[in-house]
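Listed below are the residues making up each chain.
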Amino acid sequence: MSQIFHLENCFSTNDEILSLLNEDEPTAVFTFNQTKGRGQYGNIWKVNPNQNLAYSIAIKTSNIRIFDTFVNYYTAIIVRDFLANLTNASCKIKWPNDIILNGKKVCGILIEKKKVENVEYYILGIGINVLQTDFSNLPKAGSVLTATELSFDLKEFAHQFHQYLISRIQDINPEEEILNIYNQSLFRKDEISVFQKNDLRQNGIIKNADKNGFLWIDLENEGLQKFFHKEIELLY
């Protein structure tokens, strides 16, 4: 079982959920009007009101028996699978955890650990662009609507997503299997891509992500190297 709350608006679902926790079961909160959403590493996640989904779920860390890196990978896999099944479109994971639907970024994920009254939780924050059509200042971004021409009722979309995530969290794959599935779904894996490292652009090929969260890239000028988030940028 789980409990889920719909908020008309809030600053950040990852923050709001801390006051709604139920220690006995996973707690989720969602809104279509998040005004101060956060992305990875202090980035801002901006969404247009009543066009997109901001969703967070809190799960006790004691109930998830995989390491933090695999929590990140597994969450990305769940979102990828949900959108792929829903749209029957090409859906990939851009390392570390952006979701690319038909070549456009439609989802970002922020995972945090929080301790509330001596109980530690994973807070899985997930933002999905659903109906937004204006991405004039974000050429790599899109929504489910712009990427697939499919339109959904936001509330129904949110509840379907919640039920799907709950079902997958209750039966977590072994870590080795998670890593294999993640790499099979990795955006631009084994393709020549353009990367930017220290203001220098060069071609390279993504080889794989590893169990420690690093991405291995074979660069044309420097050979095979591993990178952590923000150490290199994929320009496509």
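Below is a short write-up of the structure.

Here we come to the overall build of the protein. A tally of regular secondary structure across the protein gives 5 helices and 14 strands. What you see for the protein is a C-alpha radius of gyration of 18 Å, in line with the 18 Å of a compact globule of 236 residues. Reported as C-alpha extents along the three principal axes, the dimensions of the protein are approximately 50 × 40 × 30 Å. Among the 236 residues that make up the protein, the fraction classed as buried is 49%. Taking as baseline every contact in the protein between residues at least 6 positions apart, the subset at least 24 positions apart corresponds to 59%. Roughly 11,700 Å² of accessible area belongs to the protein as shown, and the carbon and sulfur atoms make up 45% of that amount. Each charge class in the protein can be summarised by its mean position, and for the 24 positive and 29 negative side chains these summaries are 4 Å apart.

Further remarks concern the packing of helix α2 (residues 68–87) against helix α4 (residues 154–169). Direction vectors running N to C along α2 and α4 enclose 130°, while the axes themselves pass 10 Å from each other. Between α2 and α4, the angle falls in the class oblique. Between α2 and α4 lies a crossing of right-handed hand. Every residue of α4 that contacts α2 at Y74, I77, I78, V79, D81, F82, L83, N85 and L86 is listed here: F157, Q160, F161, Y164, L165, R168 and I169. When the residues that make up the contact of α2 with α4 are grouped by side-chain class, the tally is 12 nonpolar, 2 polar and 2 charged.

Let's shift gears to unusual backbone geometry. With an omega of 5°, the peptide bond running from W95 to P96 counts as cis. One non-glycine residue, N118, adopts positive backbone phi at about 65°. Examined against the element boundaries, N118 turns out to sit in the loop between β8 (104–116) and β9 (119–129). Residue N118 is classed as exposed on the basis of its relative accessible area of 73%.

Note: strands within a sheet are paired through backbone hydrogen bonds, in either parallel or antiparallel orientation. Strand order across the open sheet formed by 7 strands is β1-β2-β5-β9-β8-β7-β6, with mixed pairing between neighbours. The open sheet terminates on both sides in strands that have one partner only, identified here as β1 (3–7) and β6 (91–94). Taking each pair of neighbouring strands and ignoring which way they run, the sheet shows an average axis angle of 20°. Bridge analysis of strand β5 (residues 52–60) against β9 gives 9 bridges, and the strand direction is antiparallel. Residue pairing across strands places I57 opposite L124, the latter belonging to β9. The sheet contacts of α4 involve β1, β2 (27–31), β5 and β9, and relative to β5 the element is tilted by about 25°.

Below, the discussion takes up the nonpolar core. The biggest cluster of nonpolar side chains holds 58 residues, and the ones touching the most others in it are L53, L83 and I128. Non-local contacts of L83, meaning those with residues more than four positions away in its chain, are made with N88, C91, I99, V106, I128, V144 and F157. Membership of the second largest hydrophobic core comes to 8 residues, among which are C10, I17, V29 and V119.

Scanning the entire structure with this criterion turns up 1 cavity of 30 Å³ or more. Within this model, the largest cavity holds a volume of roughly 40 Å³. In terms of residue count, the dominant contributor to the lining of the largest cavity is β5 (3 residues). A per-class count over the lining of the largest cavity returns 4 nonpolar, 2 polar and 3 charged.

What counts and what doesn't
- Residues numbered from 1 in each chain as written.
- Predicted model: local features only at pLDDT ≥ 70, side-chain atom pairs only at ≥ 80, totals over all residues.
- Heavy atoms only, no water.
- Helix = DSSP H or I, 4+ residues; strand = E, 2+ residues; numbered from the N terminus.
- Rg over C-alpha atoms; globule rule 2.2 N^0.38 Å.
- Buried < 20%, exposed > 50% of the residue type's maximum accessible area, 1.4 Å probe, protein only.
- Contact = heavy atoms within 4.5 Å.
- Areas by Shrake-Rupley, 256 points an atom, 1.4 Å probe, with all protein chains shown as cover.
- Lys, Arg positive; Asp, Glu negative; His and termini not counted.
- Charge placed at Lys NZ, Arg CZ, Asp CG, Glu CD.
- Axes fitted to C-alpha atoms, helices over the stretch in contact; angles between N-to-C directions.
- Parallel < 35°, antiparallel > 145°, perpendicular 65-115°, else oblique.
- Left-handed = near helix turned anticlockwise from the far one by under 90°.
- Nonpolar A, V, L, I, M, F, W, Y, C, P; charged D, E, K, R; others polar.
- Pairing = 2+ DSSP bridges.
- Core = buried A, V, L, I, M, F, W, Y, C linked by side-chain atoms within 4.5 Å.
- 1 Å grid on protein atoms, 1.4 Å probe; cavity = no way out; pocket = protein on both sides within 12 Å on 5 of 7 lines; lining within 4 Å.
- Points joined across faces, edges and corners; volume = space filled by probe spheres on them.

Honestly, it's all geometry; don't read function into it.
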